[in-house]
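Structural overview for review
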Amino acid sequence: MIIKKLVFSGVQPSGNLHLGNYLGALKNFVELQKSADCIYCVVDLHAITTFQEPKKLRNNILETTASFIAAGLDPKKSIIFNQSAVSGHAELAWILNCVSRIGWLNRMTQFKDKVGSDKEKASVGLYIYPNLMAADILLYKATHVPVGADQKQHLELSRDIALKFNKDFNCPDFFPLPEPLIPKNISRVMSLRDGTKKMSKSEESDYSRINLKDSADEIKKKIKKAKSDSAPIPDNLSSLEKKPEAFNLLNIFSELSSINLDKLINEMSGKEYSAVKNDLADLLISQICPVGKEIEKLMGDETYLLKILKNGAEKAQLKAEENLKKIREKVGLI
Ligand code: TYM
């Protein structure tokens, strides 16, 4: 059976997107819209699995939409909408809650990392979050899902849920098994303060990340303060990999400059990191600041952003309803 390529991905509207979101996801979203049908979702129902101040959430939904457009997504080419506007996400999530197994969710490392020892106080929504993610993807029968490496385990769960649904309801090819599309070179951008942790919105220090809305001065300061190594740049990748912060900086450099990492190490070996940091800041300023400025500009036109979301939701709704009708039939719902 030939299955047409259909791309789906989502980003949580939990404030300020950062370089990790940009290199791990958004850049890939933009590339894919050139060759495939793409659906990109501001996953507001995922965001409320931890408490969000309502006014802030509304603003963050608009800002994430603005970030999609500023990064290069074109609402004429891709469907862009917010998750809560298409109720099928919540409906399918319920059906999949009944297919997914507690044992599978218990293995999700992101849940364990997020709640730490305070599991009893976590929302039920946070626990079943990966089932909603499977619903997002399967609602459209998406075949490919561009994400950063941190979402790999959730994608594997989505595949397990799809397989079990197909088996339980005796419809082997009903849900395609979604393929993760994870960037090869930089699948996990790490914190600028601790190279063993991913760059994240939730880390306390703003110096740990480059936000898309940072000014040139902020970027310069953050890169200057970023941890690296006291020894000069080594002449081979395996030595560099032993220094996670230094490796992260050169990896980001390689991605932004499109210079292969091995070649970069050859060129830079023996130099101090301070020499590289100036060039890295310049690269970031030239590639990130224009995106940040465009986000600010778009945020001044709420009517335009709301229109994009409304149009996108109408298109998504049609596809979702067509699939849901068949899903309800398979399950035996009238
Ligand atoms: P979220 O909102 O945390 O992140 C959005 C995207 O950015 C990627 N990302 C990173 N990539 C590289 N390095 C980093 N430091 C980094 N931080 C974030 C994430 O991998 C993601 O691709 N559960 C998802 C949202 C979601 C979703 C979906 C994704 C909901 N439903 C269905 C795909 C398909 C999340 O919380 O992403």
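The preceding data block contains the structure.
Calculation notes
Residues numbered from 1 in each chain as written. Predicted model: local features only at pLDDT ≥ 70, side-chain atom pairs only at ≥ 80, totals over all residues. Heavy atoms only, no water. Helix = DSSP H or I, 4+ residues; strand = E, 2+ residues; numbered from the N terminus. Expected span 1.5 Å × (residues − 1). Buried < 20%, exposed > 50% of the residue type's maximum accessible area, 1.4 Å probe, protein only. Near = heavy atom within 4 Å. Polar contact = N/O pair within 3.5 Å; in protein donor to acceptor, adjacent residues only side chain to side chain. 1 Å grid on protein atoms, 1.4 Å probe; cavity = no way out; pocket = protein on both sides within 12 Å on 5 of 7 lines; lining within 4 Å. Sits in = over half its atoms within 2 Å of the grid points. Contact = heavy atoms within 4.5 Å. Points joined across faces, edges and corners; volume = space filled by probe spheres on them. Phe/Tyr/Trp six-rings, centres within 6.5 Å; stacked < 30°, edge-to-face > 60°. Lys NZ or Arg CZ within 6 Å of the ring centre and 35° of its normal.

With 17 residues, helix H9 (residues 152–168) should cover 24 Å at 1.5 Å per step; its first-to-last C-alpha distance of 24 Å lies within 8% of that length. Listed in full, the buried residues belonging to H9 are His-154, Leu-155, Leu-157, Ser-158, Ile-161, Ala-162, Phe-165 and Asn-166. Directly beyond the C-terminal end of H9, a positive phi value near 55° is found at Asn-170.

Positive phi values are uncommon outside glycine, yet Lys-141 reaches one of about 55°. Here Lys-141 is to be found in the loop between helix H8 (129–139) and strand S4 (144–146).

Looking now at the site of the ligand. Among the 26 residues in the neighbourhood of the ligand, the closest are listed as Tyr-129, Asp-136, Gly-148, Asp-150 and Val-189. For the ligand, a nitrogen atom lies 3.1 Å from a polar atom in the side chain of Gln-151. Among the detected pockets, the ligand sits in the largest pocket. Every element with two or more residues in the shell around the ligand is listed here: strand S1 (6–11), helix H1 (19–32) and H8.

The next thing to look at is the environment of Gln-287. On the secondary structure map, Gln-287 appears in helix H14 (residues 273–299). Residue classification places Gln-287 among the partly exposed positions, given a relative accessible area of 23%. Each C-alpha atom, one on Gln-287 and one on Leu-212, is 9.6 Å from the other, the two residues being 75 residues apart in sequence. Leave out the neighbours within four places in its chain, and Gln-287 touches Tyr-22 and Leu-256.

Turning next to empty space enclosed by the protein. Throughout the structure, instances matching the rule amount to 1 cavity of 30 Å³ or more. In this structure, the largest cavity occupies an estimated 30 Å³ of space. In this structure, the largest cavity is lined by Pro-13, Gly-15, Asn-16, Leu-17, Asn-60, Glu-63, Thr-64 and Ser-67.

Overall, the coordinates contain 9 aromatic pairs when judged by the stated rule. For the pair Phe-111 and Tyr-127, a centre-to-centre distance of 5.2 Å together with 65° between the ring planes defines the contact as edge-to-face. Residue Phe-111 is found in helix H6 (residues 109–115), and its partner Tyr-127 is found in helix H7 (residues 124–127); the two are separated by 16 residues along the sequence. Residue Phe-111 is classed as buried on the basis of its relative accessible area, which comes to 11%. Taking 4.7 Å as the distance between ring centres and 45° as the angle between the ring planes, the aromatic pair formed by Phe-165 and Phe-169 counts as tilted. What makes Phe-169 partly exposed here is its relative accessible area of 27%. Among the aromatic residues, those joined into a cluster by ring pairs are Phe-165, Phe-169, Phe-174 and Phe-175. Looking at Lys-141, its charged tip hangs above the ring of Phe-174, at a distance of 3.7 Å from the centre. For Lys-225, the ring lying beneath its charged end belongs to Tyr-207, and the centroid distance is 5.2 Å.

Coordinates in, geometry out; function isn't part of it.
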